[in-house]
Amino acid sequence: MLGGGSWGTALSAHLARSGHAVRLWLRTADVARAINERRENPAYLPGVPLPAGLEATTDLAAAVSGAETAFVVIPSEYCRAIYRQLRAVAPPALVVVSATKGIETDTLSRMTEVAARETPGHPLAVVSGPSFALEVAQGQPTTVVVAAADLSVAEAVQRVLSSRTFRAYSSDDVVGVELAGALKNVIAIAAVIIDGLG
């Protein structure tokens, strides 16, 4: 899991509860230490206990060493730089999953387009949906969609994510899933304005 914000930490907790060994990469050593020693991310999910099986690190190479899947969960404006760093240390068969909502400002590229340019040769998928980090971290029922151009990649990531309380659906509509994730807040704000205007 690359990104130790609320969403990355919540997904890490969910995957660890589901029996996966999870390495969470983040930049801040103090937060990594708190996660490892106190089982809590005080910066983004204070008071939410994190399960065993979740290890935090500030070493990107160590985070992805031997990994089968890497979820990239960082703000869109930093994704390209992280994907460039990932290219140098990623295992050859690593599946790269974007869990970032947004469009790159300078290029107007979707996150899987950025990932394809910066980590060529790796299977790519995107995960998005009506989910809230705190609810996922608490194990509340959640649903998302995993999309990939190769449906078998989407289905493989779907199996990794799915649990009794976390339902993942698979799709080959990468563009639709990414645009829906990026535009949902814009549409929500517009809907509130329209409602307010009567």
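Look above for the structure.
In this report, we go over the structure that sits alongside the text. Quick caveat: nothing in here was measured; it's all calculated off a predicted structure. (Residues numbered from 1 in each chain as written. Predicted model: local features only at pLDDT ≥ 70, side-chain atom pairs only at ≥ 80, totals over all residues. Heavy atoms only, no water.)

**Some remarks on helix H1 (residues 6-17)**
For H1, built from 12 residues, the straight-helix expectation of 16 Å at 1.5 Å per residue is met to within 8% by its first-to-last C-alpha distance of 16 Å. Inspection of H1 places Trp7, Gly8, Thr9, Ala10, Leu11, Ser12, Ala13, His14, Leu15 and Ala16 among the buried residues, and these make up the whole buried set. Residues of H1 that are buried sit in contact with strand E1 (22-25), strand E2 (54-57), strand E3 (69-72), helix H6 (133-137), helix H7 (151-161) and strand E7 (166-171). Positive backbone phi, approximately 100 degrees, marks Gly19, located one or two places after H1. (Helix = DSSP H or I, 4+ residues; strand = E, 2+ residues; numbered from the N terminus. Expected span 1.5 Å × (residues − 1). Buried < 20%, exposed > 50% of the residue type's maximum accessible area, 1.4 Å probe, protein only. Contact = heavy atoms within 4.5 Å.)

**Digging into the pairing of E3**
Pairing of E3 with strand E4 (residues 95-98) involves 4 bridges; the strand directions are parallel. Bridge pairing in E4 links Phe71 to Val97. This β-α-β element, E3 to helix H4 (residues 76-89) to E4, shows right-handed connectivity. (Pairing = 2+ DSSP bridges. Right-handed = clockwise from strand over helix to strand, strands pointing away.)

**Brief notes about the pairing of E7**
As paired elements, strand E6 (residues 142-147) and E7 share 6 bridges and run parallel to each other. The residue of E7 that forms the bridge with Val144 is Ala168. In the classification by handedness, the crossover that spans E6, the intervening H7 and the parallel E7 is right-handed.

**Description of unusual backbone geometry**
Even without a glycine there, the phi angle at Arg39 is positive, about 60 degrees. Relative to the helices and strands, Arg39 resides in the loop between helix H2 (29-38) and E2. The phi dihedral of Leu108 is positive, around 60 degrees, even though this residue is not glycine. Position of Leu108 relative to the elements: it lies in the loop between E4 and helix H5 (111-118).

**Points about the sheet that holds E3**
Two modes of strand pairing occur in sheets, parallel and antiparallel, and in both the strands are linked by backbone hydrogen bonds. Pairing in this open sheet of 5 strands is mixed, and the strands run E3-E4-E5-E6-E7 from one edge to the other. If you trace the sheet from one side to the other, it starts and ends with E3 and E7, each paired once. Each strand axis lies, on average, 25 degrees off the axis of its neighbour in the sheet, ignoring direction. (Axes fitted to C-alpha atoms, helices over the stretch in contact; angles between N-to-C directions.)

**Some details on the layout of surface pockets**
Roughly 560 Å³ of volume is contained in the largest pocket. In this structure, the largest pocket is lined by 26 residues; those nearest its centre are Gly4, Gly5, Val73, Ile74 and Pro75. Of all the secondary-structure elements, those providing two or more residues to the lining of the largest pocket are H1 and H4. Within this model, the second largest pocket holds a volume of roughly 360 Å³. Residue lining of the second largest pocket: 16 residues in total, with Ala21, Val22, Ala67, Glu68 and Thr69 positioned closest to the centre. (1 Å grid on protein atoms, 1.4 Å probe; cavity = no way out; pocket = protein on both sides within 12 Å on 5 of 7 lines; lining within 4 Å. Points joined across faces, edges and corners; volume = space filled by probe spheres on them.)

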